[in-house]
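Examination of the molecular architecture
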Amino acid sequence: MAEPQSRRKAIKNLVAAGTAVTGAASISWAEKWMDTSFKGNINHSVCQWTYNFIPLDELCKVVKDIGFNAIDLIGPKDWPTLQKYGIYSSMCYIGGAVSLTNGFNNKIYHEQLIKDYLDVIPLMVKAGYKDVICFSGSRNGMDDETGLKNSAEGLQKILPLAEKNGITVHMELLNSKVNHKDYMCDKTPWGVELCKRLGSPNFKLLYDIYHMQIDEGDVIRTIRDNVAYLGHYHTGGVPGRHEIDESQELYYPAIMKAIVETGYKGYVAQEFIPTGKDKKAKIASLKKAVKICDV
């Protein structure tokens, strides 16, 4: 592509000309984002819904062009599209209706949820996928203990099949302060307690860094202290859930280093809403975010 090559050449010329120290630092930063090679310590992914302004086929091509090979939050009907491009479904949806509010904490929804998960697990096995998301649901006046008991009861009906087939079920931690009012699994300790009660290596938490910064903070310590229970990660800039660069309060390179140091081998999926003025700028934001996280 002519434009990136021209920019790279211009940058190198400036460096060779003896740019000031502050200028050289910013140039080095710019050069870093133009390099598409990855270190291999983090398995990169992107959540499809944050890039749904382009067709899934096009997103698959973008992902391959940037240089990674996974997309998060894809249901069975769209798996053939991913497979056409050699893209992995790093976090699956069930085939039925997906609801963040009607979840496992309420027995009213157990029958349908259990069916949906028992149906999707064989499909995942056939497709070669390993991870599927689930949600606690809203409180609706329910106390924590009742929610834990109900969630454990429902999840125990699907975990034997998951364990038999090497599938991990991940409950996502979401903030209840800004985005998902009344969501029950809004704190890591609640989710960890559910993990302990289930006692299955095939049930983990999806630790959304954006959400937990809002409801808890202390992200790196939480990751280190709960490594046994965290099975997947999502990103997002705080506040606003936009780019994860210097425009927001989290320092993602340090967070990613902490994740790598725990021995984590799963996926980190970008789940920020890009603010670029056009498609090209928004895709550039994804490339930059992946590089920021590539520690």
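Criteria and thresholds
- Residues numbered from 1 in each chain as written.
- Predicted model: local features only at pLDDT ≥ 70, side-chain atom pairs only at ≥ 80, totals over all residues.
- Heavy atoms only, no water.
- Helix = DSSP H or I, 4+ residues; strand = E, 2+ residues; numbered from the N terminus.
- Buried < 20%, exposed > 50% of the residue type's maximum accessible area, 1.4 Å probe, protein only.
- Polar contact = N/O pair within 3.5 Å; in protein donor to acceptor, adjacent residues only side chain to side chain.
- Salt bridge = Lys/Arg side-chain N within 4 Å of Asp/Glu carboxyl O.
- Expected span 1.5 Å × (residues − 1).
- Contact = heavy atoms within 4.5 Å.
- 1 Å grid on protein atoms, 1.4 Å probe; cavity = no way out; pocket = protein on both sides within 12 Å on 5 of 7 lines; lining within 4 Å.
- Points joined across faces, edges and corners; volume = space filled by probe spheres on them.
- Nonpolar A, V, L, I, M, F, W, Y, C, P; charged D, E, K, R; others polar.
- Right-handed = clockwise from strand over helix to strand, strands pointing away.
- Phe/Tyr/Trp six-rings, centres within 6.5 Å; stacked < 30°, edge-to-face > 60°.

Attention now moves to the environment of S247. Its location among the elements puts S247 in the loop between β7 (230-234) and α11 (252-261). We classify S247 as exposed; its relative accessible area is 59%. Sequence spacing of S247 and G237 is ten residues, and the spatial spacing of their C-alpha atoms is 8.1 Å. Within the structure, the side chain of S247 is placed 2.5 Å from the side chain of D245, a separation counted as a polar contact.

Applying the stated criterion to the full structure yields 17 salt bridges. With its nearest N and O atoms 2.6 Å apart, the salt bridge here joins D144 to R139. Residues R241 and D208 are paired through a salt bridge, measuring 3.8 Å at the closest nitrogen-oxygen approach. Note that R241 is positioned in the loop between β7 and α11 and D208 in strand β6 (residues 203-208), a separation of 33 residues in sequence. Neither R241 nor D208 differs from the other in exposure class; each is buried. Here the salt bridges share partners, and the residues they tie into one network are R139, D144, D186, K187 and D215.

Here we take up helix α6 (residues 144-155). For α6, built from twelve residues, the straight-helix expectation of 16 Å at 1.5 Å per residue is met to within 8% by its first-to-last C-alpha distance of 16 Å. Along α6, the positions that sit buried rather than exposed are G147, L148, N150, S151, A152, G154 and L155. Packed against the buried residues of α6 are α5 (110-127), β4 (131-134), α7 (159-165), β5 (168-172), α8 (188-198) and β6. Capping the start of α6 is the job of one residue whose side-chain oxygen sits 3.1 Å from the backbone nitrogen of E145: D143.

One pass over the full model with this rule turns up one cavity of 30 Å³ or more. Estimated volume of the largest cavity: approximately 70 Å³. Every residue lining the largest cavity is counted, 13 residues in all, and those nearest its centre are I94, S99, L113, Y117 and F135. Those elements that place two or more of their residues in the lining of the largest cavity are α5 and β4. Classifying every residue of the lining of the largest cavity gives ten nonpolar, three polar and no charged.

So, about α11. Listing the buried residues of α11 in full gives Y252, P253, I255, M256, A258 and I259. Lining the buried residues of α11 we find α9 (209-215), α10 (219-225), β7, β8 (267-270) and α12 (279-293).

Burial analysis of strand β3 (residues 88-92) places four of its five residues in the buried class, which makes it a mostly covered element. After leaving strand β2 (residues 70-74), the chain enters helix α4 (residues 79-85) and then returns to the sheet as β3, a path that is right-handed.

This part covers the packing of aromatic side chains. The geometry of an aromatic ring pair is captured by the separation of the ring centres together with the interplanar angle, meaning the angle of the planes. Applying the stated criterion to the full structure yields eight aromatic pairs. Between Y88 and Y267, the ring centres sit 5.7 Å apart and the planes meet at 20°, which makes this aromatic pair stacked. Of this pair, Y88 sits in strand β3 while Y267 is found in strand β8, placing the two residues 179 residues apart along the sequence. Both rings, one in F104 and one in Y117, keep their centres 5.6 Å apart while their planes meet at 50°; by these two values the pair is tilted. Remark: Y117 occurs in helix α5 and F104 occurs in the loop between β3 and α5; sequence separation between them is 13 residues. Of the two residues, F104 and Y117, both sit in the buried class.

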